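Examination of the molecular architecture
For reference, the chains in residue letters:
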Amino acid sequence: AFRAALAPVKMFFTVVVPLAAVFGVAVWVYQMKGLAFLGVPALTSAAGAGFYWGTPIFTCTIIIGLALDYDVFLFARVVELRRSGFDNALAVRGAICLTGPII
């Protein structure tokens, strides 16, 4: 009905890729001690220790919520511009330009 064949691809890049990046950076910082040279105890974990069990749960919830909120906000702007008479390409470009600074 929506003819949105690329919607799953867009969702992959706006939800899964940022989530993987956050976990990759977290592993680098805490488990591989990537910022140990700063000497801040909060940026390292004890030897053999991993993440606190709640970290992935809270991180997934927050990142997925933000990504979906951005997608809904962006899509609403695209629909608004399409109804104003813009074609698809201009509506998408305009929506990104108009919502980018806000987000």
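Above this text sits the structure in question.
Within every chain, residues take consecutive numbers counted from 1 along the sequence as written. Reporting of local features is limited, given that this is a predicted model, to residues whose pLDDT is at least 70; pairs of side-chain atoms are given and counted only at 80 or more, and all residues count toward the totals for whole chains, interfaces and linings. Side-chain numbers come from the whole structure's heavy atoms, not from hydrogens or water.

Phi is positive for Lys 33, which is not a glycine, with a value near 55°. By the criteria applied, helices consist of DSSP H or I runs no shorter than four residues and strands consist of E runs no shorter than two, each listed in order from the N terminus. The topology assignment puts Lys 33 in the loop between helix 1 (7-31) and helix 2 (54-83).

In this fold, Asp 71 is placed in helix 2. With a relative accessible area of 8%, Asp 71 lands in the buried category. For the pair Asp 71 and Lys 10, spaced 61 residues apart in sequence, the C-alpha separation works out to 9.1 Å. Leave out the neighbours within four places in its chain, and Asp 71 touches Lys 10, Met 11 and Thr 14. Buried means the residue's accessible area, taken with a 1.4 Å probe over protein chains only, is under 20% of the maximum for its type, while exposed means over 50%, and partly exposed covers the values in between. For this analysis, residues touch if any pair of their heavy atoms sits within 4.5 Å.

Between the N-to-C directions of two axes lies an angle of 0 to 180 degrees, each axis being a line fitted to C-alpha atoms and, for a helix, fitted only over the stretch in contact. The interhelical angle for the contact between helix 2 and helix 3 (residues 88-99), taken along N-to-C directions, is 130°, at an axis separation of 8 Å. As far as their axial angle goes, helix 3 and helix 2 are oblique. Regarding helix 2 and helix 3, the two cross each other, and that crossing is right-handed. Contact residues: helix 2 offers Phe 73, Leu 74, Arg 77, Val 78, Leu 81 and Arg 82, while helix 3 offers Asn 88, Ala 91, Val 92, Gly 94, Ala 95, Ile 96, Leu 98 and Thr 99. Its residues assigned to classes, the contact of helix 2 with helix 3 shows nine nonpolar, three polar and two charged. Orientation labels follow simple angle bins: below 35 degrees gives roughly parallel, above 145 gives roughly antiparallel, 65 to 115 gives roughly perpendicular, and whatever is left gives oblique. In this scheme the handedness of a crossing depends on how the near helix is turned from the far one: anticlockwise by less than a right angle means left-handed, clockwise means right-handed. Nonpolar residues are Ala, Val, Leu, Ile, Met, Phe, Trp, Tyr, Cys and Pro. Charged residues are Asp, Glu, Lys and Arg, and all others, Gly as well, are polar.

Attention now moves to the pattern of salt bridges. Where charged atoms from two side chains of opposite charge approach closely, those side chains can pair. Any Lys or Arg side-chain nitrogen located within 4 Å of an Asp or Glu carboxyl oxygen qualifies as a salt bridge. A full pass over the atoms with the stated rule returns one salt bridge. Between Glu 80 and Arg 77 there is a salt bridge, with its nearest N and O atoms 3.7 Å apart. Within this pair, Glu 80 and its partner Arg 77 are both found in helix 2, separated by three residues, close to a single helical turn. Given a relative accessible area of 44%, Glu 80 falls into the partly exposed group.

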